[in-house]
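Chain and residue survey
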Amino acid sequence: MNQKQNSNQTIAVNRKANYDYFVEERLEAGIRLEGWEVKSLRAGKTQLDQGYVIIRQGEVFLLGGLITPLQTASTHIHPDPQRTRKLLLHRREIDKLIGHVERKGYTLVPLSLYWKGKHIKIQIGLAKGKKAHDKRATEKDRDWIRQKQRIERHL
């Protein structure tokens, strides 16, 4: 595939993240993948909605991110669609995340998966969970913006 063709092209977006969390900071990380996973990502066979990010022994991992294997990917391996995938970050970024998650009660959520040149990157968010009333307020604001746009279109 042409490098310019897939430069900064979004593969998958976690739409539930902005609904369930207040995302306060966004970080870009590399992701360690196997060959069959890259082929599946090119075909768009992935979901981040059920995924979450954890820190274990000073390393960052994506759990629950679904990459559905293609039927034609390989015959001699048995791929695991929800395997744990290591995220690649600098040590100072990991240390900062550890501080926020362990001491300040933040959560790490995957936001999007995209091409950056010939590499696949994942955007993770440092977030705090929303309460039910916060979610209702977000929906109310979103509905108001939509209604305002409809009124402006008719004027």
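Reading guide: rules and limits
Residues numbered from 1 in each chain as written. Predicted model: local features only at pLDDT ≥ 70, side-chain atom pairs only at ≥ 80, totals over all residues. Heavy atoms only, no water. Core = buried A, V, L, I, M, F, W, Y, C linked by side-chain atoms within 4.5 Å. Buried < 20%, exposed > 50% of the residue type's maximum accessible area, 1.4 Å probe, protein only. Helix = DSSP H or I, 4+ residues; strand = E, 2+ residues; numbered from the N terminus. Contact = heavy atoms within 4.5 Å. Salt bridge = Lys/Arg side-chain N within 4 Å of Asp/Glu carboxyl O. Pairing = 2+ DSSP bridges.

Looking now at the nonpolar core. Formed by 25 residues in total, the largest nonpolar core has its most connected members in Leu-87, Leu-113, Ile-122 and Ile-124. Elements that contribute at least two residues to this core include exactly strand E1 (10–13), strand E2 (21–31), helix H2 (35–42), strand E5 (59–63), helix H3 (91–104), strand E8 (107–116) and strand E9 (119–129). Tallying contributions element by element places E9 first for this core, with 4 residues. Aside from chain neighbours lying at most four places away, what touches Ile-124 is Glu-25, Arg-26, Leu-27, Val-53, Leu-87, Leu-89, Leu-97, Val-109, Pro-110 and Leu-111.

With that out of the way, let us pick up the pattern of salt bridges. For the structure shown, the criterion picks out 8 salt bridges. Arg-91 is the salt-bridge partner of Asp-95, the closest N and O atoms lying 3.6 Å from each other. Highlighted residues: Asp-95 and Arg-91, both in helix H3, separated by 4 residues, approximately one helical turn. A network of salt bridges, in which partner residues are shared, links Glu-34, Glu-37, Arg-83 and Arg-85.

Right, let's get into the pairing of E8. With 8 of 10 residues buried, E8 lies mostly within the body of the structure. For E1 and E8, the ladder comprises 3 bridges, and the chain directions are antiparallel. Counted as the bridge partner of Thr-10 is Tyr-114 from E8. Inspection of the sheet shows E8 paired to E9 by 9 bridges, in the antiparallel sense. Bridged to Lys-116 within E9 is His-119.

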